[in-house]
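Analysis of the macromolecular model
This is what each chain is made of:
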Amino acid sequence: MNPHDNAIKQLEQVAQLLTQQYQDEPRFSSIIDQLKKPQQFHQTELAVKLDNGKTKKFAAYRAQHNNARGPYKGGIRFHPQVTVEEVKALATWMTWKCAVTGIPYGGGKGGIVVDPSQLSQTELERLSRAYARWLAAEIGPWQDVPAPDVNTNSQIMAWMVDEYQQVGQSVSENPLATFTGKPLALGGSQGREEATGLGGVFVLEKLVKKLGYKRKKDVTIAIQGFGNVGYWFAKHADQLGYKVVAVSDSKGGVYVPTGLDPVKTLQCKQNKGKVSDCRCSRDHCDLENGQAVSNQQLLELEVDILVPAALENVITKTNAAKIKAKAILELANGPVTPEADQILAKQEVVLIPDVLANAGGVTTSYFEWVQNLQGYYWSRDEVVSKLKPLMEQAFETMWELKDKHQVDGRLATYMSAVQRVVDAMLLRGWS
Ligand code: GLU
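Residues numbered from 1 in each chain as written. Predicted model: local features only at pLDDT ≥ 70, side-chain atom pairs only at ≥ 80, totals over all residues. Heavy atoms only, no water.

Concerning the site of the ligand
Looking at the ligand, there are 14 residues lining it, with Lys-73, Lys-97, Pro-148, Asp-149 and Ser-365 nearest. Here a nitrogen atom of the ligand sits 2.9 Å away from a polar atom, N or O, in the main chain of Pro-148. In the model, an oxygen atom of the ligand is placed 3.1 Å from a nitrogen or oxygen of the Asn-333 side chain. Among the secondary structure elements, those contributing two or more residues to the shell around the ligand are strand 3 (72-79), helix 3 (84-101), strand 5 (144-148) and helix 12 (359-374). Along the lines of polarity and charge, the residues of the shell around the ligand split into four nonpolar, five polar and five charged. (Near = heavy atom within 4 Å. Polar contact = N/O pair within 3.5 Å; in protein donor to acceptor, adjacent residues only side chain to side chain. Helix = DSSP H or I, 4+ residues; strand = E, 2+ residues; numbered from the N terminus. Nonpolar A, V, L, I, M, F, W, Y, C, P; charged D, E, K, R; others polar.)

See the structure below:
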C-alpha cells in the first residue's frame, strides 16, 4: 500500500484511456513517464532545540512534482507516518487537483515526520521556522507556494512567512504570497479555513441531484475524520438540511441514526477529548439513541454518502466489498486504493475523487495568493461566489466524461486533469 505506487497506477490507467487521443503525438509516452516522478525532491533532517535543551532531528521533505501549468502548490503535513513515498504521491495528486478546477498551478507537497501533539508550542514554532528556513531558496510566489495540510494550520503558516522573510528572501519576493492558508490578520483570505469542506458540499449538492434524491433530509452522511475538513463539511451539509449521522476522529466515532449536530459535537469533543463520547442533537449531548463505533464500522455503515476525510488507504481490497454507501465523496487525499476502486465500481458505488471533491481548499488558496499579489482583499461572499462555479464546473466535466467513456468518477476526473497537464508540457516543448 505504497501511496506513490497507487498514484502511478492511476496515471497509467488514465494514460491508457488517453492513448487514442494522442495517437499522433510521439512524445506522449515519455511525457507520461515524466509524470511518474516529481521533477524535484528535497529532503533533510531538521535539528530543533527542545524545551529541555536537547536537540532532536526530524526528517523533512518537499516534493515538487510538476510546474508546467504554474508554480508548484500544495500543503505541508506534520505526521509521524509521513514518508518519502507519501509526499511524492500527495504532490502528484496536487498536480491533478490544480488542473481539475483550472487554477494556474502545478503540484507540490511537503511533510515532516513528527507527532505535533508531543511538542510544546515553542518547539512547534522552532520546527516550523526550521522548515521554512531550509526551504527558503526553493519557494516563492512564482516558484512554489506551500499551505497547511494534516496537522498544520494558519499559525504555522504565519511563523513560516515570518521566517522566510527573515532569511533574506527579499521582500520583493512577496512573503505573504509565498504561503497560503494564513491567518486573516496576516494576509489570509476570508473563507479559506472552511473552503475545503464547503467546496465538498458544493460537489455534494450536484451529486445528490444526479443520484435522484428528492429531499435533503433523506440523504444520510457518515464522515470519517473530524478535523478542519470533516468539521466544515459536516457543518455546511447540516445547515443545508442533509442528515449527518456519523463522525469520527482518530480515537473512534459516533453513530446517531436520527442525525447529529456538528457544532455541538465539536464543542463536546473539545470538552471530552474524543467524539465517540458525544451524541449531540441541537440542544444537548446526551442522546439516548446512538452508539460509539470504530473507524472501521463507520466506513461500513448503511448510509447514502460516505465521506472519508482523514488519511489515505482506509478503503482497501479488504473492506471495499463491505461498503454499503451509494456514493463516496473523498475529502481526504488518497483514501481509496486502486484495488478498492475496482471492487467499488463493480458494486456500482459512485466515486467522487479527492482531486475534485477536496479541491475547494487549494482553489481558495489561489484566491488568497491573488489577493496577496494585488494587495486588495475580498469579502467572504466574493470568495464563495468565485469558488462555487469552479467546483460545479469541475463536477459537470467529470460527470460528462464518466457517462461518455463509461468509467468511474476517478478516471473521468483524471482524464481531463492529466490532459490539461500533458497539453501544457507539450506546448512548452517538453519531451
Ligand atoms: N493541503 C490541501 C490539499 O491537499 C490544500 C493545499 C493548498 O491550499 O495549497 O489540497
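What to know about the pairing of strand 6 (residues 220-224)
Strand residues, when the strand is regular, have side chains that alternate between the two faces of the sheet. Of all five residues in strand 6, five are buried; the element is thus mostly enclosed. On strand 6, burial covers both faces: Thr-220, Ala-222 and Gln-224 on one face and Ile-221 and Ile-223 on the other are all buried. A crossover connection joins strand 6 to the parallel strand 7 (residues 243-249) through helix 7 (residues 228-240); in handedness this β-α-β unit is right-handed. As judged from the four bridges shared by strand 6 and strand 10 (residues 305-308), these two strands associate in the parallel manner. Counted as the bridge partner of Ile-221 is Ile-305 from strand 10. (Buried < 20%, exposed > 50% of the residue type's maximum accessible area, 1.4 Å probe, protein only. Right-handed = clockwise from strand over helix to strand, strands pointing away. Pairing = 2+ DSSP bridges.)

A few points about the nonpolar core
One finds Trp-96, Ile-221, Phe-233, Ile-305 and Ile-352 to be the most contacted residues of the largest nonpolar core, which totals 87 residues. Ranked by residue count, the leading element in this core is helix 14 (residues 409-427), at 11 residues. Those residues in contact with Trp-96, other than ones at most four positions away along the chain, are Leu-11, Leu-35, His-65, Val-355, Tyr-414, Ala-417, Val-418 and Val-421. The next biggest cluster of nonpolar side chains, apart from the first, holds 24 residues, and it includes Val-48, Ile-112, Leu-119 and Leu-124. (Core = buried A, V, L, I, M, F, W, Y, C linked by side-chain atoms within 4.5 Å. Contact = heavy atoms within 4.5 Å.)

Some remarks on the pattern of salt bridges
Taken as a whole and judged by the stated rule, the model has 29 salt bridges. One salt bridge in this structure joins Arg-62 and Asp-144, with 2.7 Å as the shortest N-O distance. Of the two residues, Arg-62 sits in strand 2 (residues 55-66) while Asp-144 sits in strand 5, which places them 82 residues apart along the sequence. Residue Asp-144 is classed as buried on the basis of its relative accessible area, which comes to 0%. One salt bridge in this structure joins Arg-380 and Glu-194, with 2.7 Å as the shortest N-O distance. Here Glu-194 lies in the loop between helix 5 (154-166) and helix 6 (195-210) and Arg-380 lies in helix 13 (residues 380-405), a separation of 186 residues in the sequence. A network of salt bridges, in which partner residues are shared, links Arg-77, Glu-86, Lys-109, Asp-149 and Glu-312. (Salt bridge = Lys/Arg side-chain N within 4 Å of Asp/Glu carboxyl O.)

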